[in-house]
Amino acid sequence: SFPTSYIKTTGETATRSADVASIPVADFGYNQSEGTMVASYYAFSGQGSTTRIAALNDGSTSNSIQMALLDAGTTYHEVRSGGTAVVTTVISGAITDNALTKTALASSADNHAGVTNGGTVGTDTSGAMPIGITTLNVGSHYSGNFTFNGHIKSIKYYPRRLTNAQLKDITT
């Protein structure tokens, strides 16, 4: 068990809603043509289904760049453009329960890559960039769905596609 912030009740039980954090991409200079997301986080067992660490999206599943955690404790990079998944890459690199994990995703048209904890960089040389991205969701997808079970220490966004060597270095 661990302490949480106070939930004021009047003699009745209450359930805490999941935290849903998002920021409009206009507030941090999102680049429609290319970019890189880097997350540092602590994941916990029992994620259940695929959960999102971070997701850039248009308010739906039609256009998005997602950093996700799969049931098996591996990270996943998905890019959806026009309602179609154009990149679906399982990213190598071990994840230890409740230990600091670093994952980086880089995307530009027909040039996508991802790596976790300095592992082998997974690449995909096909796939358009999604259009109409409006929001960065932290710990969830577009409407709070697929909530992450863990602690996200930081998320950084670079308005350019870092090289594969830089991705590996930044997650080591």
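Data block above holds the structure.
(A) Structural detail: the overall build of the chain. On a plain count of helices and strands, the chain comes out with 1 helix and 11 strands. Per-residue burial for the chain yields a buried fraction of 41% across its 172 residues. Intrachain contacts of the chain at a sequence separation of at least 6 include 63% that bridge at least 24 residues.

(B) Structural detail: the environment of alanine 68. Residue position: alanine 68 is located in strand E4 (residues 64-69). Alanine 68 gets classed as buried once you look at its relative accessible area, which sits at 0%. The sequence separation of alanine 68 and histidine 141 amounts to 73 residues, and the corresponding C-alpha distance is 9.3 Å.

(C) Broad picture of the packing of aromatic side chains. For the coordinates displayed, the defined rule picks out 2 aromatic pairs. On the numbers, 5.2 Å between centres and 65° between planes, the contact of phenylalanine 28 with tyrosine 157 is edge-to-face. Placement of phenylalanine 28 in the loop between strand E1 (21-24) and strand E2 (34-43) and of tyrosine 157 in strand E11 (residues 150-158) is noted, with a sequence separation of 129 residues between them. The exposure class of phenylalanine 28 is partly exposed, given its relative accessible area of 27%. Since its relative accessible area comes to 17%, tyrosine 157 is described here as buried. Measuring from centroid to centroid gives 5.8 Å for tyrosine 30 and tyrosine 157, while their planes differ by 35°, and the two rings are tilted. With tyrosine 30 in the loop between E1 and E2 and tyrosine 157 in strand E11, this residue pair connects regions lying 127 residues apart in the sequence. Exposure class is identical for tyrosine 30 and tyrosine 157. Each is buried. Through a chain of ring-to-ring contacts, three or more aromatic side chains come together here, namely Phe28, Tyr30 and Tyr157.

(D) Main features of the nonpolar core. Ranked by size, the top nonpolar core spans 22 residues in total, and within it Tyr30, Met37, Tyr41, Ile53, Leu56 and Ile65 carry the most contacts. Breaking this core down by element, the ones donating at least two residues are E2, strand E3 (51-57), E4 and strand E6 (84-91). Ranked by residues supplied to this core, first place goes to E2 with 4 residues. Apart from the residues within four sequence positions on either side, isoleucine 53 is in contact with Ala39, Tyr41, Met67, Ala68, Leu69, Thr75, Asn137, Val138, Gly139, Phe148, Ile152 and Ile155.

(E) Spatial organisation of the sheet that holds E11. Pairing in this open sheet of 5 strands is antiparallel, and the strands run E9-E8-E7-E2-E11 from one edge to the other. A strand with exactly one partner marks an edge of an open sheet, and here the two such strands are strand E9 (122-124) and E11. Each neighbouring strand pair of the sheet contributes to a mean axis angle of 15°, computed without reference to strand direction. Sheet topology note: the strand E8 (residues 111-116)/E9 ladder contains 3 bridges and is antiparallel. Bridge pairing in E9 places alanine 113 opposite threonine 123.

Criteria and thresholds
Residues numbered from 1 in each chain as written. Predicted model: local features only at pLDDT ≥ 70, side-chain atom pairs only at ≥ 80, totals over all residues. Heavy atoms only, no water. Helix = DSSP H or I, 4+ residues; strand = E, 2+ residues; numbered from the N terminus. Buried < 20%, exposed > 50% of the residue type's maximum accessible area, 1.4 Å probe, protein only. Contact = heavy atoms within 4.5 Å. Phe/Tyr/Trp six-rings, centres within 6.5 Å; stacked < 30°, edge-to-face > 60°. Core = buried A, V, L, I, M, F, W, Y, C linked by side-chain atoms within 4.5 Å. Pairing = 2+ DSSP bridges. Axes fitted to C-alpha atoms, helices over the stretch in contact; angles between N-to-C directions.

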